[in-house]
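These are the residues of each chain, in order.
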Amino acid sequence: MYKIVSRKALRPTLTMIEVEAPLVARKAKPGQFIILRVDENSERIPLTVSHCDLEKGTVKVIFQVVGATTVKLNHVMEGEYIQDFVGPLGNATETEGIRKVCIVGGGVGCAIALPVAEEFHRLGAEVTSIAGFRSKDLVILEDEFRACSDKLYIMTDDGSYGREGNVTVPLREILASGEKFDMIIVTGPLVMMKFTVLTAKEFNAPITASMAPIMIDGTGMCGGCRVILHRDGKDVTAFACVDGPDFNGYEIDFDNAITRSRMYNDYERHAYEETCNLFKNA
Amino acid sequence: MDPKKHEMPSQAPEIRAHNFKEVALGYTAEIAVEEAKRCLNCKNQPCVDACPVNISIPEFITHIKTGDFEAAYEVITRTSSLPAVCGRVCPQETQCESRCTMGIKFEPVGIGRLERFVADWHNENIKEAAHKPERNGHRVAIVGSGPSGLTCAGDLAKKGYDVSVFEALHKAGGVLVYGIPEFRLPKAIVAKEIDGLKDLGVDFQTNVVIGKTLTIDELFEMGYEAVFIGSGAGLPNFMRIPGESLKGVYSANEFLTRSNLMKAYEDDPTTPIMKGGNVAVVGGGNVAMDAARTALRLGADNVYIVYRRSMEELPARAEEVEHAMEEGIQFKILNNPVEIIPFENPDDKKDPRNGGVKAIKCIRMELGEPDEKGRRSPVPVEGSEFEIPVDTVVIAIGTSPNPLIKKTTEGLEVNKKGGIVVDEDGLTSRTAIYAGGDAVTGAATVISAMGAGKTAAAAIDKYLS
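No experiment lies behind these values; they were computed from the predicted model shown.

1. A short note on the overall build of chain B
Reasoning step 1: A tally of regular secondary structure across chain B gives 18 helices and 16 strands.
Reasoning step 2: Taking 465 residues into account, the globule formula puts the C-alpha radius of gyration at 23 Å, and chain B, at 23 Å, falls close to it.
Reasoning step 3: Oriented by its inertia axes, the alpha-carbon framework of chain B measures out at about 75 × 60 × 50 Å.
Reasoning step 4: Sequence-distant contacts in chain B: of pairs separated by 6 or more residues, those separated by 24 or more amount to 71%.

2. So, the overall build of chain A
Reasoning step 1: A tally of regular secondary structure across chain A gives eight helices and 16 strands.
Reasoning step 2: The globule rule puts the C-alpha radius of gyration for 282 residues at 19 Å, and the 18 Å found for chain A is close to it.
Reasoning step 3: Oriented by its inertia axes, the alpha-carbon framework of chain A measures out at about 55 × 40 × 40 Å.
Reasoning step 4: Classification of the 282 residues of chain A by burial places 49% in the buried group.
Reasoning step 5: Of all intrachain contacts in chain A linking residues separated by at least 6 positions in sequence, the fraction that spans at least 24 positions is 64%.

3. Things to note about the nonpolar core
Reasoning step 1: Among the nonpolar cores identified, the biggest contains 216 residues, and Ile34(A), Val118(B), Phe228(B), Val281(B), Ala291(B), Ala292(B) and Val394(B) are the most heavily contacted of them.
Reasoning step 2: Here this core takes nine residues from helix 18 (residues 446-464) of chain B, the largest share from any one element.
Reasoning step 3: Dropping the residues within four chain positions of it, Val118(B) is found in contact with Phe60(B), Ile64(B), Phe69(B), Ala72(B), Tyr73(B), Ile76(B) and Pro83(B).

4. So, the interface of chain B and chain A
Interface extent is often summarised as the accessible area lost during association of the parts.
Reasoning step 1: Taken residue by residue, the interface counts 28 residues in chain B and 37 residues in chain A.
Reasoning step 2: Put simply, the parts of the chain that give the side of chain B that touches chain A at least two residues each are strand 5 (235-236) and helix 13 (252-259) of chain B.
Reasoning step 3: Counting residues per element, the side of chain B that touches chain A draws most heavily on helix 13 of chain B, at four residues.
Reasoning step 4: Of the residues belonging to the side of chain B that touches chain A, the class tally is twelve nonpolar, twelve polar and four charged.

5. Points about the domain arrangement of chain A
All names here are of chain A.
Reasoning step 1: Taken as a whole, chain A is organised into domain 1 (2-89) and domain 2 (100-261).
Reasoning step 2: A C-alpha centroid distance of 22 Å is found between domain 1 and domain 2.
Reasoning step 3: The partner domain 2 presents 18 residues to the 16 residues of domain 1 that form the contact.
Reasoning step 4: Among the secondary structure elements, those contributing two or more residues to the side of domain 1 that touches domain 2 are strand 1 (2-11), strand 3 (33-37), strand 4 (45-53) and strand 5 (58-64).
Reasoning step 5: Tallied by class, the residues present in the side of domain 1 that touches domain 2 amount to nine nonpolar, five polar and two charged.

6. Some words on the sheet that holds strand 4 of chain A
Residues and elements named next belong to chain A.
Reasoning step 1: Strand order in the open sheet formed by seven strands is 6-1-2-5-4-3-7, and the pairing between neighbours is antiparallel. Of all the strands in the sheet, just strand 6 (81-82) and strand 7 (84-89) have a single pairing partner and so form its edges.
Reasoning step 2: In the sheet, strand 1 pairs with strand 2 (residues 14-20) via six bridges, with the strands oriented antiparallel. Note that in strand 2 the partner of Ser-6 across the bridge is Glu-18.
Reasoning step 3: On the sheet, helix 3 (residues 109-122) packs against strand 4 and strand 5 and is oriented at approximately 40 degrees with respect to strand 4.

7. Notes on helix 5 (residues 168-176) of chain A
Residue and element names in this part refer to chain A.
Reasoning step 1: For helix 5, the set of buried residues is Thr-168, Pro-170, Leu-171, Ile-174 and Leu-175. Angularly, the buried residues of helix 5 cover 165 degrees about the axis, an arc narrow enough to put them on a single face. Helix 5 presents Glu-173 and Ala-176 as exposed residues on the side facing more than 90 degrees away from its buried surface.
Reasoning step 2: Directly beyond the C-terminal end of helix 5, a positive phi value near 95 degrees is found at Gly-178.

8. Re the pairing of strand 14 (residues 392-395) of chain B
Both faces of the sheet carry side chains from a regular strand, because those side chains alternate between them.
All names here are of chain B.
Reasoning step 1: Burial along strand 14 is two-sided: Thr-392 and Val-394 facing one way and Val-393 and Ile-395 facing the other are all buried.
Reasoning step 2: Summarising the sheet, strand 6 (residues 249-251) and strand 14 pair through three bridges and their orientation is parallel. In the sheet register, Tyr-250 faces strand 14, and the bridge partner there is Val-394.
Reasoning step 3: Alignment of strand 7 (residues 278-282) against strand 14, held across four bridges, turns out to be parallel. Considered in strand 14, the bridge of Val-282 is made with Ile-395.

9. Notes on helix 8 (residues 111-125) of chain B
All names here are of chain B.
Reasoning step 1: For helix 8, spanning 15 residues, the distance from its first C-alpha to its last is 21 Å, which sits close to the expected 21 Å at 1.5 Å a residue.
Reasoning step 2: Where helix 8 is concerned, the buried positions are Ile-111, Gly-112, Arg-113, Leu-114, Glu-115, Arg-116, Phe-117, Val-118, Ala-119, Asp-120, Trp-121 and His-122.
Reasoning step 3: Elements in contact with the buried residues of helix 8: helix 2 (29-36), helix 3 (46-49), helix 4 (57-65), helix 5 (69-79) and helix 6 (83-89).

10. Topic: the domain arrangement of chain B
Residue and element names in this part refer to chain B.
Reasoning step 1: The domain architecture assigned to chain B consists of domain 1 (13-125), domain 2 (139-234 + 401-464) and domain 3 (237-398).
Reasoning step 2: The centre of domain 1, based on its C-alpha atoms, is set 33 Å off from the matching centre of domain 3.
Reasoning step 3: Contacts between the two partners involve nine residues from domain 1, matched on the other side by nine residues from domain 3.
Reasoning step 4: Classifying every residue of the side of domain 1 that touches domain 3 by side-chain character gives five nonpolar, two polar and two charged.

11. A few points about unusual backbone geometry
Residue and element names in this part refer to chain A.
Reasoning step 1: Cis rather than trans, the peptide bond between Gly-87 and Pro-88 has omega equal to -5 degrees.
Reasoning step 2: Inspection of the secondary structure assignment puts Pro-88 in strand 7.
Reasoning step 3: Geometrically, the link from Gly-244 to Pro-245 is a cis peptide bond, its omega value of 10 degrees lying close to zero.
Reasoning step 4: Tracing the backbone shows Pro-245 in the loop between strand 15 (234-239) and strand 16 (246-248).
Reasoning step 5: Phi at Asn-204 is positive, roughly 60 degrees, even though this residue is not glycine.
Reasoning step 6: Mapped onto the secondary structure, Asn-204 falls in the loop between helix 6 (190-202) and strand 13 (207-210).

Parameters at a glance
- Residues numbered from 1 in each chain as written.
- Chains lettered and ligands numbered in written order.
- Predicted model: local features only at pLDDT ≥ 70, side-chain atom pairs only at ≥ 80, totals over all residues.
- Helix = DSSP H or I, 4+ residues; strand = E, 2+ residues; numbered from the N terminus.
- Rg over C-alpha atoms; globule rule 2.2 N^0.38 Å.
- Contact = placed C-beta atoms within 7 Å.
- Buried ≥ 20, exposed ≤ 12 C-beta atoms within 10 Å, placed from the backbone.
- Core = buried A, V, L, I, M, F, W, Y, C linked by C-beta atoms within 7 Å.
- Nonpolar A, V, L, I, M, F, W, Y, C, P; charged D, E, K, R; others polar.
- Domains from an automatic or database assignment.
- Pairing = 2+ DSSP bridges.
- Axes fitted to C-alpha atoms, helices over the stretch in contact; angles between N-to-C directions.
- Arc of directions from axis to C-beta.
- Expected span 1.5 Å × (residues − 1).

This is the structure:
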């Protein structure tokens, strides 16, 4: 059992929890993830590590309340326990040789992008961050991004905060101005990542995308997290849990990833509604 | 003397095809004693040599004859740590029973069925916990809680070692809990065997991924003096044909894990799985049979085994194939899949079925000349492609070893396929690191993994004493 030592609602459907897991805290690096189970009958869900405290032996993760399991997780209070917490899984984001980086985050993906931006800042790299949201009330982690970025662009689709437009607007402007990055790292919804990669491609700029497919064990056993890569004219099957989660953006078959991510949409919607009604009655 | 084995009481096929309860019900004491009497207790005991863990077979059967079932149990557990598991999943027909003297003229003695009876009898009737041996002060770490790890842990604990087993998943048992379905090996049986090891003093630590949470070298820093790697089969293989990443295409590992470990077979599961419709399982091994029979029980209308060779070459146990056929699994043999065809609704881009599976396209095969191993390799019949309409495809064509430990353990030698290289004692290229099971051999059987765990335990004992 793993204790929730603190929790904070970032927004009504976005929560940060800090979990006591000293072995994971000791090892986790930005870009890696954990898998947790809320209780004995819960599914296993992967969540990206957002912060580790070595002294306290704790790991922070941020989750969006989207399905039955995350609804349940959102009801575990400070001082209470969750059943399982395993990690760190996946490979850490590659930082070597990168002196100038552009971090692009979309929506809740910003929670995953932030620790990566912080790591580059800590390593002394020049960090440009672009964070995109649907509207003003969905903006998260602005202060944190400001603290670790040399330049920060906040975008909203409806223009209610920051600049109007999506993340590709400033990215295109920056790249068109002739600025070059050692790497662009994008994290967010698959469609947003697909178009960010296409934008980078216009300028031949290197770009890494962080994938978060459906998975079960996260250790290289089930194969559910496979991502199709187009490499040297061939389709290559890679596994996000052991080969990723970061992949060369140019190689990822985003359309296939989008289709696979919808495998259980109907099931999830149904389970979510059931859970919500259950809590209403309780 | 009865020329035939006593039949195993089983659930009728038409009933068991719709439930996840165990297929075989086990011998009664009366049947067991009668079957035991068929053993000739021959002098040269060929069955013992044919058992990977060398159970003293005629000796335990002799105790059954006299009704002393607990004495029989003690004989078995002298060399085997998991009798209730082995009695169920061992391929006895190619091991002990294949060498039985009775089998020369008649059907061999039902050794597996007797082993299962003895283990079940003990579990039901003997409540006292196993005697905890005196500790010898040495600490050994076991990576993985599947059959090789459990065997190695059990053997060392019996000798007095302090043994810790590290498991990546949330539950101990490895393939016995995530892979082999309830109807073939009930989870309660595995839990009981693991409880038995806990009684011996074995410590289980779940949610620890060796190679990630801790490395092998850190285990030594923590004070473990030897390590056994039994991390099991790794990444599932795919065929590299178009359509393998469509929605509705599973590896057998994922399909079985969803059903078994994540309990998707229960009425109101939290982990989803595709149910119903038509299902094609590609492959002909035990895992393919497990996946096919699981799909059937989950409510599929038609389940097909698609296999590129003929019935004679099916690598699955004869009994599993027989059970599958009785239950109505349809064998599409001498067919090789060439493409999985997607469902596309041209009029509605939002149709949720888009990107799912519509059919599996196969080409007919015929058997050509025998290869160097004598196995006739299948050759495609040109122009014979045809489609089988299916909604789900499960790929069960084997696995490749997991890369996590290799990547994080310096000096650990692996072969071309990624399997850990070991000598006849299970020792790897690194001092005090031993390995066995699928992590070494690639996908194989439970009992061969147990044999490897046993060999390594003996070698570790020798090394540390």
